[in-house]
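# Structure at a glance
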Amino acid sequence: MSDGISSKPTALNDLSATELLAGYYGKQFSPSEVMDEVIAQAERWEPHLNALYAFDPDGARRAARASTERWHKGEQQGLLDGVPVTIKENVATKGTPVPLGVPITPLVPAAVDAPPSARLREAGGIIWTKTTMPDFGMLSSGLSSFHGVTRNPWDVSQNTGGSSAGAGAAGAAGYGPLHLGTDIGGSVRLPANWCGIFALKPSLGRVPIDPPYVGRCAGPMTRTVDDAALMMSVLSQPDPRDGMSLPPQDIAWSELDIDLRGKTVGLLTDLGFGMALEDDVRRVVTDAARLLEQQQGAIVKEVQLGFTREMMDGLDAFWRARMWDDVSKLSDAQRAQVLPYIVRWAEGGANLSGVEVVRGFNQTMAVRAMGAKLFANIDYLISPVAPVVSFAADIASPLDDPEIPFDHILYTVPWNMAENPAASINGGYSSKGFPIGVQIVGSRYDDLGVLRVAKAFEGLRGAQKPWPQVPR
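Throughout what follows, the structure given in this document is the object of discussion. (Residues numbered from 1 in each chain as written. Predicted model: local features only at pLDDT ≥ 70, side-chain atom pairs only at ≥ 80, totals over all residues. Heavy atoms only, no water.)

Helix and strand content of the protein: 14 helices and 15 strands. By the compact-globule yardstick of 23 Å for 472 residues, the protein fits well, its C-alpha radius of gyration being 21 Å. The buried share among the 472 residues of the protein stands at 61%. Accessible area of the protein: about 17,700 Å², with a carbon and sulfur share of 50%. (Helix = DSSP H or I, 4+ residues; strand = E, 2+ residues; numbered from the N terminus. Rg over C-alpha atoms; globule rule 2.2 N^0.38 Å. Buried < 20%, exposed > 50% of the residue type's maximum accessible area, 1.4 Å probe, protein only. Areas by Shrake-Rupley, 256 points an atom, 1.4 Å probe, with all protein chains shown as cover.)

Shown next, in the form of structure tokens:
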């Protein structure tokens, strides 16, 4: 923001939602001016990133003009009136088809907004575009047979992670402040990790979603913790379409102060299987825990999670069978249009017995029991988000092997199954300057506590590198 209260900032697209709202109240600038700068930023970056789907600049400008008029009259629509918002492709917005990352889905316009889209729109948020995702949302990658390759603003040769790939890239590239993703195994936290932004996977049911499913959550992806809390105050409002949603609760989302003295923070850096943790990641995560210990008085102790290969393989088997149920119904021509990686992975579910599939699903309950046991002895957990600093943009996963598809999500997936809230916040950088996230996990339903710990860390972590600039 500039020093003079009446002058316009030079980079409105980089302002947080809380700063934008303050500017609207102070009549420093209008939603139309903000939307123009966000659109211009997206148009500069998109040839390099490919983060957007159903980009509608004209519709965005119309919505911004309507918001500007409401602010002029003092008749704001809601808490987010005039703030630009992007929505992940698989979360329905009225009038926009939902291809699910594949070219075989009939492009029928959605009849209604899904619950997260409805809440954001009701609050006055300007839903100006959708963001990209990989095939069926089943990759931690920005690779899609429908959208193409979505790239990371920090290094366009590197992956955004997924499945909220476009949302992660949009957040890092300054496409406005608020982005909505979904997460069933790490899909908001992994892109936040690799794109250097913040994301919260709420407790299961905290944010109503349609269709609901085991472990499936929608959550905010932002540059600041305050903006995520602001989004949660809107997203957590009730919707009867989600039969798995939690009862409405009056949560003071804006009250983010916390005193960690006497609180026990578990530090997890090794699982005993899966991909090896890279040194830069270990350093950043350990430093984050020690910072909370030294500056906040937290009691940090190293812990073991108890997540096992049997648990992960069981979940993998169940998900393969579930995906095969969809893929098996496709014609040969349709199947040929889906990423071969996804087809090969799904084919692993074709010959599983019913008992094997049930055993796989039952690992969900084993993971849930594991999480409860751990949090009986700690208040919060600090861990890596992913074991590797980065991986190439045009591959499906760090290992790029459908026979070993999930060895990079072993730190994130347990908390979807256990239903705990978990966040990714940038903790530092690799030796080459690439962002590295830190995962903060809380006990079930303590979403506000996770935001509070993240806010405390955000204030302690030191200066961040400048956001990436458009390649010349």
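On we go from here.
On the secondary structure map, W467 appears in the segment after helix 14 (447–460). W467 gets classed as partly exposed once you look at its relative accessible area, which sits at 26%. W467 sits 151 residues away from D316 along the chain, and the two C-alpha atoms are 36 Å apart. Excluding anything up to four places from it in sequence, W467 contacts W154, A172, C195, G196, I197 and R223. (Contact = heavy atoms within 4.5 Å.)

Ordered by their spatial adjacency, 11 strands build an open sheet running 1-3-2-8-10-9-14-15-13-11-12, and the pairing between neighbours is mixed. In the strand order of this sheet, the two ends are held by strand 1 (52–53) and strand 12 (299–302), each with one partner. Across 2 bridges, the pairing between strand 9 (residues 198–201) and strand 10 (residues 217–222) is antiparallel. Bridging across to strand 10, F198 finds its partner in T222. Across the sheet, helix 2 (residues 31–49) is in contact with strand 1, strand 2 (84–88) and strand 3 (126–131); its angle to strand 3 comes to roughly 15 degrees. (Pairing = 2+ DSSP bridges. Axes fitted to C-alpha atoms, helices over the stretch in contact; angles between N-to-C directions.)

Further remarks concern the side chain of S140. Relative to the helices and strands, S140 resides in the loop between strand 3 and strand 4 (143–144). Of note is the side chain of S140, whose polar atom sits 3.1 Å from the side chain of H408. Contact partners of S140, with chain neighbours within four places excluded, come to N159, G161, G162, S163, L190, W194, F391, A396, H408 and I409. (Polar contact = N/O pair within 3.5 Å; in protein donor to acceptor, adjacent residues only side chain to side chain.)

Counting through the fold element by element, G142 comes out in the loop between strand 3 and strand 4. Since its relative accessible area comes to 2%, G142 is described here as buried. Dropping the residues within four chain positions of it, G142 is found in contact with G148, V149, T150, N159, T160, G161 and A165.

Attention now moves to the pattern of salt bridges. Taken as a whole and judged by the stated rule, the model has 22 salt bridges. Measuring nitrogen to oxygen at the nearest pair gives 3.0 Å for the salt bridge that ties D239 to R241. Owing to a relative accessible area of 33%, R241 belongs among the partly exposed residues under this scheme. Where D259 meets R261, a salt bridge forms, and the shortest distance between an N and an O atom there is 2.6 Å. A relative accessible area of 39% means that D259 is categorised as partly exposed. Among the charged side chains, a salt-bridge network with shared partners connects R119, E122, D239 and R241. (Salt bridge = Lys/Arg side-chain N within 4 Å of Asp/Glu carboxyl O.)

Turning next to the nonpolar core. Within the largest apolar cluster, 144 residues are counted, with the highest numbers of intra-cluster contacts made by Y175 and F307. Looking at this core element by element, the count peaks at 9 residues for helix 9 (residues 309–327). Excluding residues that lie within four positions of it along the chain, Y175 makes contacts with V38, Q41, A42, W45, E46, L49, A51, L52, T86, W128 and A170. (Core = buried A, V, L, I, M, F, W, Y, C linked by side-chain atoms within 4.5 Å.)

In this section: unusual backbone geometry. Cis geometry marks the peptide bond from G162 to S163; its omega dihedral reads 10 degrees. Within the fold, S163 resides in the loop between strand 7 (155–159) and helix 5 (165–173). Note the cis peptide between D210 and P211, where omega equals 5 degrees. As for its position among the elements, P211 is in the loop between strand 9 and strand 10. In this structure, F136 takes a positive phi of about 60 degrees despite not being glycine. As for its position among the elements, F136 is in the loop between strand 3 and strand 4. F136 gets classed as partly exposed once you look at its relative accessible area, which sits at 23%.

The next subject is the pairing of strand 13 (residues 380–384). Among the 5 residues in strand 13, 5 count as buried, and that is most of the element. Bridge count between strand 11 (residues 264–267) and strand 13: 3 bridges; the pairing is parallel. Pairing of L267 across the sheet is with I382, part of strand 13. As defined by bridge partners, strand 13 adjoins strand 15 (residues 435–442) across 5 bridges and the pair is classed as antiparallel. From the neighbouring strand, P384 faces strand 15, where its bridge partner is V438.

This part covers helix 3 (residues 57–73). Relative to the 24 Å expected for 17 residues at 1.5 Å per residue, helix 3 spans 24 Å between its end C-alpha atoms, a close match to the ideal helical length. Looking only at helix 3, the buried set comprises P57, G59, A60, A64, S67, R70 and W71. Buried residues of helix 3 fall within an arc of 155 degrees about the axis and therefore sit on the same side. Opposite the packed face of helix 3, turned more than 90 degrees from it, sit the exposed residues D58 and H72. Tucked inside the fold, the buried residues of helix 3 contact helix 1 (17–25), helix 2 and strand 3. Once helix 3 finishes, G74 follows within two positions and takes phi at roughly 70 degrees, a positive value. (Expected span 1.5 Å × (residues − 1). Arc of directions from axis to C-beta.)

What follows concerns the packing of helix 9 against helix 11 (residues 340–347). For the pair helix 9 and helix 11, the least separation of the axes is 7 Å and the interaxial angle reads 115 degrees. On the basis of the axis angle, helix 9 is roughly perpendicular to helix 11. You can see that helix 9 and helix 11 cross each other, and the crossing is left-handed. Two secondary-structure elements touch here, helix 9 through D316, W319, R320, M323, W324 and V327 and helix 11 through R344, W345, A346 and E347. Within the contact of helix 9 with helix 11, the residues separate by chemical class into 6 nonpolar, no polar and 4 charged. (Parallel < 35°, antiparallel > 145°, perpendicular 65-115°, else oblique. Left-handed = near helix turned anticlockwise from the far one by under 90°. Nonpolar A, V, L, I, M, F, W, Y, C, P; charged D, E, K, R; others polar.)

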